[in-house]
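Architecture at a glance
Read off the chains here:
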Amino acid sequence: MHDIKLIRDNRDAFIAGLCRRAAEFDGKPTAEVVADILDLDARWRGAKASFEQHRARQNEASRAIGQAKAKKDEAGAKALLDEVASLKGALQKDEADQRDLEAELKRRLEVLPNIPAPDVPVGPGEEFNVPVAARAWGTPPKFDFKPKEHFELGEALGLMDFERAAKVSGARFVYLKGALARIERALGAFMLDLQTDANGYTEIVPPLMVRDDAFYGTGQLPKFEEELFWAPTGDSRFGLIPTAEVPLTNYVREELLDEAQLPMRVTAWTPCFRAEAGAAGKDTRGMIRQHQFSKVELVSITTPEQSAAEHERMTDCAQEVLKRLGLAHRVVTLCTGDMGFTAQKTYDIEVWLPGQDRFREISSCSNCGDFQARRMDARYRPKEGKGTRLVHTLNGSGLAVGRTLVAILENYQDADGSIRIPDALQPYMGGLKKIEKR
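First things first, this report covers the structure right here in the doc. (Residues numbered from 1 in each chain as written. Predicted model: local features only at pLDDT ≥ 70, side-chain atom pairs only at ≥ 80, totals over all residues. Heavy atoms only, no water.)

Remarks on the sheet that holds strand β8 (residues 229–233)
- The strand order β7-β9-β8 describes an open sheet built from 3 strands, whose pairing is antiparallel. If you trace the sheet from one side to the other, it starts and ends with β7 (209–210) and β8, each paired once.
- As defined by bridge partners, β8 adjoins strand β9 (residues 236–240) across 5 bridges and the pair is classed as antiparallel. Bridging across to β9, A231 finds its partner in F238. (Pairing = 2+ DSSP bridges. Helix = DSSP H or I, 4+ residues; strand = E, 2+ residues; numbered from the N terminus.)

This is the structure in structure tokens:
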């Protein structure tokens, strides 16, 4: 959410920043959208000023009634009583105008995306993303046979079953069995151990179902309601989390922290649920894009001064998982048109998949600035100075467990269809070094 005072005081800069995202919103030029918002703001402030003026006059007239009666001025008292009665109606109208205008202003503001950081590349889509050369790691493996895709390998091993899952739940679900089920469990435990033991994140087991307010705080509502799965409960509802970012970031909603508590770093390994609305025809085979998957999420709560450095650190932490698993990958800075709604800046980590012969996203690490904090009313008390400030929030995948399993299957396959287990995972697999068809 944006600060209306910031927009009011920095109109041209705000329009320029928003234009880096898109030239128009809802079919209207960006400058016109902002002009409409500022017009609403002016009308809301006008209604507020009118209310204050009418209330001041009502108080003044009420005092004057007593004075008129003390002077036996019945005509004057009657006129003042009539005025007070009419002012009551004016005050009610002012209050209604304020309420309606404020609600409409909030509605207009809450669907506008975050302003990109100055160093984010401008472009409408992923083809304008920029690789970060210094963060590239590893060399894609060479094979003396044509490498298969993960679903071909998993199905041939008899350990990955999409057909039975479709009978039970429909498309975009899978049964994992035996060693593949164990390697998914091993990956989650390995990632959590790395992030907690080596990187200083505190493990949390969060709620998997949250209320509308939590989705609003992290920006899924109101704009992306169709992306969520809902569980009605009488007159209310819960939503299944699409990522642990939602409950982890909302951990500090409506809180006032001390600066000494920051940065706060938390992590969770959870199932995630996504309707994948708009993804028809994309990755229809395999585990790349599913309605249910598991992920280890990283969330940081920081001061504004810390957030840029924390973003680099978080990306390092996510990359370390791939490095220890020996998986070649690269990092790209997302352009303005490919970035998420709440992000100021995002790094995508893309792992090499030999079966697809290309890099695919396995993690996104985003700095959201104070955008989510304003929606959640999450603040901190600085060590020096008075007042409070909004925290900055960051989130990243460390990593998507299913996609990491995909990467291991494709990168560690042998010609006979067996899968070697990366050294880092073998202690979590009871010493198993290879998955073979039985």
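Describing the pairing of strand β13 (residues 329–333)
- Burial analysis of β13 places 4 of its 5 residues in the buried class, which makes it a mostly covered element.
- Here β13 pairs with strand β14 (residues 345–353) via 5 bridges, running antiparallel. Opposite R330, over in β14, you have E350 as the bridge partner. (Buried < 20%, exposed > 50% of the residue type's maximum accessible area, 1.4 Å probe, protein only.)

Section: helix α2 (residues 11–21)
- Those residues of α2 that sit buried are F14, I15, G17, L18 and R21. On an axial view of α2, the arc spanned by its buried residues comes to 165 degrees, and they lie on one face. Exposed side of α2, more than 90 degrees from the buried face: D12 and A13 are the residues found there. (Arc of directions from axis to C-beta.)

Regarding the state of the cysteines
- Within the structure shown, the criterion is met by 0 disulfides.
- You can see C19 has no disulfide; the closest cysteine sulfur is in C335, sitting 16 Å from it. (Disulfide = S-S within 2.5 Å.)

Some details on the pattern of salt bridges
- Scanning the model with the defined rule gives 32 salt bridges in all.
- The salt bridge partner of E83 is R57, with a shortest N-O separation of 2.7 Å. Here R57 lies in helix α3 (residues 30–70) and E83 lies in helix α4 (residues 74–109), a separation of 26 residues in the sequence.
- Overall, R57 belongs to the partly exposed group, its relative accessible area being 28%. (Salt bridge = Lys/Arg side-chain N within 4 Å of Asp/Glu carboxyl O.)

Examining unusual backbone geometry
- In this structure, P222 follows L221 across a cis peptide bond, with omega equal to 5 degrees.
- Along the chain, P222 turns up in the loop between α8 (212–218) and β8.
- Cis geometry marks the peptide bond from G398 to L399, where omega comes out at 20 degrees.
- Structurally, L399 is set in strand β18 (residues 392–400).
- Even without glycine at this site, D26 takes up a positive phi of about 55 degrees.
- Phi at R172 is positive, roughly 70 degrees, even though this residue is not glycine.
- Of note, R172 is situated in the loop between α6 (162–169) and β5 (175–176).
- Overall, the relative accessible area of 14% leaves R172 in the buried class.

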